Amino acid sequence: MPGPAPIPTDANPNPTPMDTLQAYQVLGLDPGASDAQLKAAWRRLVAAWHPDRNAAQDAGSRMQGINKAYQHLRQLRQDGDEGADDIADEPASSAPPPPAAATAQAGATGPTHVRKVRLTLEDAVRGCTRTLRGHFTQTCDSCAGQGQRVLAQACSTCRGSGAVRKAALFGWLWNDEACLDCGGDGRQRATCDACDGSGERAVAYRRQVRFPSGVRDGQVLSLPSSRHGKLNIGLELHLEIEPHPLFTLDDDGVLRCDMPVNGYAWMAGRWVEVPTPDGLQQMRLNREALVYRLRGQGFPTVPRGPRGDYLVRVTPVFPAQDDPAQEALLDQLIARANQSAEGGTGPLGQWAQRMDAWTAGQQAA
Ligand SMILES: [Zn+2]
Ligand SMILES: [Zn+2]
């Protein structure tokens, strides 16, 4: 069996192979038992079968069997964490997220770290690559979460007996109690250096992720496990698209912008600068129109798909009417428009002729 033993034991670095099912039977567990259940069962059995407290003939051999079964299963479970190859820089899958149960099962190759990722609207439109960094807390693999290592020498507290004597009833009687320092197995412990005795280690990960164009707010992307230190960490990314100061992406998937424009420029059909996800762009105003469709410059219709249309709605804005210079200029414009309409065939000219004819008829009557 490759890999270090879960509880490094100088006395027994190469435990003899043990039948896994038998190991579970020894501990009274189903193979589906959790790590915590495994540990609890071992502690309970050690307390029950320690030769110092159990007078049965086979207590010693039972203890050995219990410890052997426990070590075997710890090692087996730890080895299970080391399997898959590094899968780096996979494009994020845009498929719907797997159900919770499926995500939990990914723990077979490594834990899944769930986290938020915020993207700008521009990043979402074009797709982007982000380097994600974070920490993932994992059971210490040097001590299998025990926070301590088992050494070859006898426990200094109980001198290897696994029990300490406590005086009771004014010192007339002595009670043997399980030694707390060694858990009753009589072997010396040392604090695990790898985790400083906490039983946990923070595994740092750094991963480049490519987000396809057209990802939406609230979308969940699942990435396969990749190797970070001794761990395979899968990522489940919950996307947030930051609100944009200029654009809105509506529920219908259409990108929109509402912008005020100089009313005179609008009347005059001038060019204005409009923001687009690709930067500023010149757009010609048209006094017949308030909504402008910029084809293919909006949000992708589907992830990685072609871009939809971008709609710009303009609101012509005119200055207040209390500026005499502006009023004089407007008067000039009005006079000029009247002049050119006079006798013409346009709507104003025709209207003037119909009014003249009607007025003449009134006077003749
Ligand atoms: Zn002890
Ligand atoms: Zn440790």
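It should be emphasised that the depicted structure is a prediction, and the values quoted were computed from it without experimental measurement. (Residues numbered from 1 in each chain as written. Chains lettered and ligands numbered in written order. Predicted model: local features only at pLDDT ≥ 70, side-chain atom pairs only at ≥ 80, totals over all residues.)

Draft legend 1. Spotlight on the overall build of the protein. Within the protein, the regular secondary structure consists of eight helices and 15 strands. Counting over 365 residues, the protein shows a buried share of 21%. For the protein, contacts bridging at least 24 residues in sequence account for 65% of all contacts bridging at least 6. (Helix = DSSP H or I, 4+ residues; strand = E, 2+ residues; numbered from the N terminus. Buried ≥ 20, exposed ≤ 12 C-beta atoms within 10 Å, placed from the backbone. Contact = placed C-beta atoms within 7 Å.)

Draft legend 2. Summary view of the nonpolar core. Within the largest apolar cluster, 15 residues are counted, with the highest numbers of intra-cluster contacts made by Leu121, Leu249 and Leu255. Two domains each provide a minimum of three residues to this core, namely domain 2 (100–134 + 202–241) and domain 3 (248–317). Every residue in contact with leucine 255, bar those within four places of it in the chain, is listed here: Phe247, Leu249, Gly298, Phe299 and Tyr310. By size, the runner-up hydrophobic cluster in this structure holds 14 residues, among which are Ala23, Val26, Leu45 and Ile66. (Core = buried A, V, L, I, M, F, W, Y, C linked by C-beta atoms within 7 Å. Domains from an automatic or database assignment.)

Draft legend 3. Spotlight on the sheet that holds strand S8 (residues 220–228). The strand order across the open sheet built from three strands is S1-S9-S8, with neighbouring strands paired in mixed fashion. Strands at the two margins of the open sheet, each flanked by one partner only, are strand S1 (112–119) and S8. Direction aside, neighbouring strands of the sheet carry axes that sit 30° apart on average. Of the strand pairs in this sheet, S1 and strand S9 (residues 231–241) are connected by eight bridges, and their pairing is parallel. (Pairing = 2+ DSSP bridges. Axes fitted to C-alpha atoms, helices over the stretch in contact; angles between N-to-C directions.)

Draft legend 4. The arrangement of the confidence of the model for the protein in detail. On average, the protein scores 80 in pLDDT, and the residues at 70 or more come to 82%. The low-confidence segment residues 1–17 (pLDDT under 50) makes 31 contacts with residues lying over four places distant or belonging to another chain. (pLDDT = per-residue confidence, 0-100.)

Draft legend 5. Region of interest: the environment of glycine 145. For glycine 145, the location among the structural elements is in the loop between strand S2 (128–139) and strand S3 (148–154). Considered as a pair, glycine 145 and cysteine 192 are 47 residues apart in the sequence and their alpha carbons are 9.4 Å apart.

Draft legend 6. Region of the structure containing the environment of glutamate 242. Mapped onto the elements, glutamate 242 comes out in the loop between S9 and strand S10 (248–249). Sequence-wise, glutamate 242 and aspartate 217 are 25 residues apart; in three dimensions their C-alpha atoms are separated by 8.3 Å.

Draft legend 7. Seen up close, the sheet that holds strand S15 (residues 310–317). An order of S10-S11-S15-S14 is seen for the four strands of this open sheet, with the pairing classed as mixed. Edge positions in the sheet fall to S10 and strand S14 (291–294), since each of these pairs with one other strand and no more. With two bridges connecting them, S10 and strand S11 (residues 255–262) associate as antiparallel partners. Its bridge partner being in S11, threonine 248 is matched across the sheet by arginine 256.

Draft legend 8. Expanded view of helix H7 (residues 324–341). Helix length check: H7 (18 residues) gives 26 Å between terminal C-alpha atoms against 26 Å at 1.5 Å per residue, within 8%. Little of H7 sits out of view: just zero of its 18 residues are buried. Where H7 ends, the next residue or the one after it, glycine 343, has phi of about 70°, a positive value. (Expected span 1.5 Å × (residues − 1).)

Draft legend 9. Structural view of helix H8 (residues 347–364). In this model, H8 (18 residues) spans 26 Å end to end at C-alpha, consistent with the 26 Å of a helix rising 1.5 Å per residue. With zero of 18 residues buried, H8 lies mostly on the surface of the structure.

Draft legend 10. Structural context of the pairing of S9. Bridging between S8 and S9 involves seven bridges; their strand directions are antiparallel. Residue pairing in the sheet places leucine 223 in a bridge with leucine 235 of S9.

Draft legend 11. Structural detail: the environment of arginine 207. Within the fold, arginine 207 resides in strand S7 (residues 200–211). Measuring from C-alpha to C-alpha, the distance between arginine 207 and arginine 227 comes to 9.7 Å, with 20 residues separating the pair along the chain. For arginine 207, the contacting residues outside a window of four places in its chain are Leu132, Ser226 and Leu235.

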